[in-house]
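# Observations on chain architecture
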Amino acid sequence: MRAFRVEAGSSVWFLLRDRAAIVSLAFLIAVALSAVFAPYLTPYANQGRGEPELTAKFRAPGIKHPFGTDGLGRDQVARLMFGARRSLSMGILVVLAAIIIGTPIGMVAGYLGGWADEAIMRVTDVFLAFPPLLLAIAIAAALGASYINAVAAIAVTWWPWYARLARAQTLSVRERAYIEAARGIGVRDRVIIRRHILPNIMTPIIVQGTLDVGTAILVAAGLSFIGLGTQAPYADWGVMISDGRLFFLSGRWWMSTFPGLAIFLTAMAFNFLGDGVRVAADPRLRRLL
Amino acid sequence: MAFLSFLFRRLGLSLFVFVGVLILTFIVSRVIPSNPAALYAGARPRPEQVQEIEKKLGLDKPLSEQFRVYVGDLLAGNLGESYHSRRSINTDLRLFLPATLELVIAAVLIALVLGIPTGVLAGAYPRSPFDYATRFAAVAGVSAPSFWLALIAQFIFFSQLGWLPLGGRVSRDATLFYPIAAQTGFYLIDAALSGNWKAWLDAAHHLILPALVLSAYPVGITIRMTQASMLEVLSETYITAARAAGLSRRVILFKLALKNAIMPALTVVGLSFAYSITGAFLVETLFSWPGVGKYVTEAVLNVDFPVIIAVTLVVTLVYILVNLLIDLMQALLDPRVRLI
Amino acid sequence: MALLTVENLHVQFKTPFGAVRALRGIDFELDKGDILGLVGETGCGKSVTGRSIMRLLDENAEVTEGRILFNNTDLLRLSEKEMHAIRGDRIAMIFQDPATALNPLFTIGGQIYDVLRAHNPAPAEQRRKATLELLASVGLPDPAQMMAVYPHQLSGGQQQRAMIALSLAAEPEVIIADEPTTALDVTIQAQILDLLRTLQRERAISVIFITHDLGIVAETCQKVAVLYAGRVVEQGAVDAILADPQHPYSRGLLAALPRPGSRGTDLKVIPGNVPAGLERIAGCAFAPRCEFVMDRCHRLQPPLVSLAAEHQAACFLHEDPVHG
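Owing to the predicted nature of the structure, the values given are computational and were not obtained by experimental measurement.

Criteria and cut-off values
Residues numbered from 1 in each chain as written. Chains lettered and ligands numbered in written order. Predicted model: local features only at pLDDT ≥ 70, side-chain atom pairs only at ≥ 80, totals over all residues. Helix = DSSP H or I, 4+ residues; strand = E, 2+ residues; numbered from the N terminus. Rg over C-alpha atoms; globule rule 2.2 N^0.38 Å. Buried ≥ 20, exposed ≤ 12 C-beta atoms within 10 Å, placed from the backbone. Contact = placed C-beta atoms within 7 Å. Axes fitted to C-alpha atoms, helices over the stretch in contact; angles between N-to-C directions. Parallel < 35°, antiparallel > 145°, perpendicular 65-115°, else oblique. Left-handed = near helix turned anticlockwise from the far one by under 90°. Nonpolar A, V, L, I, M, F, W, Y, C, P; charged D, E, K, R; others polar. Core = buried A, V, L, I, M, F, W, Y, C linked by C-beta atoms within 7 Å. pLDDT = per-residue confidence, 0-100. Pairing = 2+ DSSP bridges.

Here we take up the overall build of chain C. Summing up its helical and strand segments, chain C has eleven helices and twelve strands in all. For chain C, whose C-alpha radius of gyration is 21 Å, the value lies close to the compact-globule estimate of 20 Å for 324 residues. Taken along its principal axes, the extent of the C-alpha atoms in chain C is 70 × 50 × 40 Å. Among the 324 residues that make up chain C, the fraction classed as buried is 41%. Relative to all contacts within chain C whose residues are 6 or more apart in sequence, the contacts with residues 24 or more apart total 64%.

Here you go:
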């Protein structure tokens, strides 16, 4: 028990020493707060929700509109803050859904082994045979273009990664003495999986999840960019880039630039944070890096 | 012998996966949509159009019968017809697929040429300024949305510097005065085959910017994986043994460690390919690149569902084949699989 | 005259939990033509000592004190370039597990050839011949075929023979053998020990033989140094020490050795564990496990004192005439 606390304590200590991870975490908290409190932080909350202001079209960045306005006169700072609600939530929902679908399936495969394991793994093979995004495009198109359908479409293509991860982790804890003991005294499989295996495999899954949110935001923005995600009058960052792209080279550069930067920095922050958590959670990596 | 059995096992797996892909795309096209006929009929169809489609696709028949017809059509090489243009999808793909593959292969090559040496050096000198800079660049590469990067790249290299064209596969001059005789559909190959070097240069010039943009993500992945596998290899006992035997740092890094590190790094080729294709779907429109990516994004706008499903199938088939080739290559390079 | 002298060697490892003191003042001498056994339990510092001599410690390790004299040159003061000229060429190393010490993607011949090329500028054809001779000299069958064979195609014993050939390639004066037989079957162990003894005699090589097995020391070595928690607690001629160990720890080790005719229950186990290395040890590191422990053992570190011509021990039992 004492040894465990030393381990966990040193992981936190290690993470705190990782400057990139700390800066990233601070940035992500700031983005999340500005998304949650967007209505109170901007005077243009209505425009953030999509209401046009036709008297202020295509304003370049200035004091009144630091990031300018778009073709419908909407303040881009407000649009970005309200867009963050959609982009962030899409990324997080995709990863959560993928974890919720993939983890139990992977645990069952790893725990049962044999025929069931083989079947489940071959199914994941099939899903992973598609280039990323491609299957999501097809599913999103079949479901119809919308925010929630885009989330569902991406999650359906993403769960196999978590199934594989959960399976590998389950295999490595399955043979541990306390699980053998629990089986020996007749504890039911379902209880063993939930009470003994799940807590022991959560760490790597959470680490992978943190790393994946950034990528999920990118993929979701991609779907929105081609018109399969968030629908007007609402916007996420992908939609904003798409809205601004036709004006980008003709001098009205601000409409696509800032949402692009928002995606870029947010994805980077999730990557640095995820890397930090991964290294902190794995003593072996600490030695290597 | 080990290789032959590996080959058959691996072929069997690919075949199995392909069958799975057929089933999954069938589910996506016929089971998930609440009204498949409406989807296949395109945007705002009239009721009689929907009925006509229903009959044509056999949507009134049981699913098993539908699947039989679906697979039968595909095996006969018939991918169907675009709702929007009424053209055969086979004809369209023959035109668009080479354009995308040319772009994607260029991006993969850039990713390998930039990513592998950088990753090796970063892994060889951990905690050096170069290592930190490289790791930062790698994270930046996998974090930039390709469609945004495309805009920025066009702004810099077309609008500001004027070095590279905005889009398209060749300039108008090339199409008018020295057109490329199409054979393979890969312009660089076709131009070279016919000795049309002016057109070759023109095509290469047009290829650079989109390929660079597409390579950003794969470069990041390649650097990360090469660096990680280099670190891993350098901590192996056989590297300590080589140092104890007095081999020079140069030989250890670039002969011994590199060969060990390149094996896992080969999987990076497959990943780079996959991510370049993903990128192509998002940026081809921005570069007016007449490939399957542009084809699909236009199909999305026109609610041209048959095209989306057909492209998904064909591109996935290509990806399966690429992965198969990579695995076989890896097996051939590894004496532990090759011999025994 | 000692060929290699290790004096007061201190090594520590930096870890997130603090510095781990792996070596706390190692002293020993290796004479020319001798086989010196370094013996002790896992974690006593015997492998770290070997790596220190080669200057191949991990990055987080640091030599904080001491000297390693090789032909009167302090290896610790050499530049990396000068040290590079010594590795393989004058001091070579054999590892515990040949399966991981040989590079899996290169042929045996190629790996030996690379070492030869690094150390002498002879023409390629001559190097090839030298490789063949080396392979033959370590008793590998059909050297010509061995040239083109990959490590995984060999048995464990053959792999270790190949590793030995590799270490001999540049005709070193000293070989550090780090548990070279631990990963092998017992019968193969005997063959490899035999090979090492023969080669050592024929080529007049001096060997530092790192092992946890006193039985192997008895068979193989002339001298032995017993290590405990990063210090030498007893050293001298193998015959003298095995016949009459003076340090309580050496006695314990010897008592734990299975002998012909003894049964499992006769084996004695030393109670307690090796100290972790994180804490500072003021007195004798073995004191908490010692059955003869005295008051001062906890406060003062007993020095190595000579008990006979070739026998030293670090224990207060042998300083005090009352207990002597």
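Once that is clear, we can look at the packing of helix 1 (residues 2–31) of chain B against helix 14 (residues 305–333) of chain B. All names here are of chain B. Where helix 1 contacts helix 14, the axes come no closer than 10 Å and their chain directions differ by 165°. By the angle class used here, helix 1 and helix 14 are roughly antiparallel. Note on packing geometry: the crossing formed by helix 1 with helix 14 is right-handed. Of helix 14, the residues touching helix 1 (which contributes F3, F6, L7, R10, S14, V17, F18, V21, T25 and S29) are I309, T312, L313, T316, L317, I320, L324, D327, L328 and A331. Split by residue class, the contact of helix 1 with helix 14 holds 13 nonpolar, five polar and two charged.

Let us look at the interface of chain A and chain B. Chain A puts 39 residues into the contact, and the matching count from chain B is 44 residues. Among the elements of the structure, helix 6 (114–128), helix 7 (134–143), helix 10 (189–225), helix 11 (237–248) and helix 12 (254–281) of chain A are those that each provide at least two residues to the side of chain A that touches chain B. Among the residues making up the side of chain A that touches chain B, the classes are represented as 30 nonpolar, six polar and three charged.

Quick look at unusual backbone geometry now. The amide bond that connects A232(A) to the next residue, P233(A), takes the cis arrangement and shows omega of 5°. The residue P233(A) is located in the loop between helix 10 and helix 11 in this model. Non-glycine residue F58(A) carries a positive phi angle of around 50°. In this fold, F58(A) is placed in the loop between helix 4 (45–48) and helix 5 (76–112). You will see that D142(C), though not glycine, has its phi angle at about 50°, which is positive. Note on placement: D142(C) falls in the loop between helix 5 (124–137) and helix 6 (143–146).

Taken together, the 26 residues of chain C in the interface contact 18 residues of chain B. At the level of secondary structure, the elements contributing two or more residues to the side of chain C that touches chain B comprise strand 6 (91–94), helix 3 (98–101), helix 4 (108–119) and helix 7 (156–168) of chain C. Broken down by element, the side of chain C that touches chain B gets its largest block of residues, four residues, from helix 4 of chain C. A breakdown of the residues in the side of chain C that touches chain B according to their chemical character gives 14 nonpolar, eight polar and four charged.

With 268 residues, the main nonpolar core has V94(A), I137(A), I154(A) and I308(B) as its most contacted residues. In this view, I154(A) contacts V94(A), A136(A), A216(A), V219(A), A220(A) and L223(A); residues no more than four positions away in its chain are not counted.

Let us now look at the packing of helix 7 of chain A against helix 1 of chain B. Where helix 7 of chain A contacts helix 1 of chain B, the axes come no closer than 9 Å and their chain directions differ by 20°. The pairing of helix 7 of chain A with helix 1 of chain B is recorded here as roughly parallel in orientation. Where helix 7 of chain A crosses over helix 1 of chain B, the two elements pack in a sense that is left-handed. Note on element contacts: helix 1 of chain B touches helix 7 of chain A through T25(B), V28(B) and S29(B), opposite A138(A), I139(A) and A142(A). The residue inventory of the contact of helix 7 of chain A with helix 1 of chain B, partitioned by class, reads four nonpolar, two polar and no charged.

A few words now on the confidence of the model for chain C. In low-pLDDT segments, the atomic positions of the prediction should not be examined closely. With 91% of its residues at a pLDDT of 70 or more, chain C has an overall mean of 86. Overall fold confidence (pTM) sits at 0.83, and the ipTM for the predicted complex is 0.88.

Assignment of secondary structure puts D60(B) in the loop between helix 3 (47–57) and helix 4 (63–75). As a C-alpha pair, D60(B) and A37(B) span 23 residues in sequence and 9.9 Å in three-dimensional space.

What follows is about the sheet that holds strand 5 (residues 73–74) of chain C. Residues and elements named next belong to chain C. With respect to topology, four strands assemble into an open sheet ordered 2-1-4-5, the strand pairing being antiparallel. Strand pairing shows two members of the sheet lacking a second neighbour, strand 2 (18–31) and strand 5, which therefore form its edges. Looking at chain direction, strand 4 (residues 61–70) and strand 5 are connected through two bridges and run antiparallel. Residue F70 lies in a different strand from strand 5, and its bridge partner there is T73. Its contacts with the sheet put helix 1 (residues 46–54) on strand 1 (2–15), strand 2 and strand 4, and the angle it makes with strand 1 is roughly 110°.

Moving on, we get to the sheet that holds strand 8 (residues 206–211) of chain C. All names here are of chain C. One open sheet holds the eight strands; their spatial order is 6-7-8-3-9-10-12-11, and the pairing between them is mixed. Every other strand in the sheet has two partners, leaving strand 6 and strand 11 (305–308) as the edge strands with one partner each. Each strand of the sheet is rotated relative to its neighbour by a mean of 20°, with strand direction disregarded. Along the sheet face, helix 11 (residues 248–255) touches strand 9 (223–228) and strand 10 (231–237) and points at about 105° away from the line of strand 9.

We now examine the pairing of strand 8 of chain C. All names here are of chain C. Most of strand 8 sits inside the fold, with six of its six residues counted as buried. Residues S206, I208 and I210 point to one face of strand 8 and V207, F209 and T211 to the other, with burial holding for every one of them. Alignment of strand 3 (residues 35–39) against strand 8, held across five bridges, turns out to be parallel. Within the sheet, the bridge partner assigned to I35 lies in strand 8 and is V207. Two elements, strand 7 (residues 174–178) and strand 8, share five bridges in a ladder whose sense is parallel.

This part covers the environment of V123(A). All names here are of chain A. Note that V123 resides in helix 6. By the C-beta count within 10 Å, which is 16 here, V123 ends up partly exposed. Counting along the chain gives 37 residues from V123 to P160, while the straight-line C-alpha distance between them is 8.3 Å.

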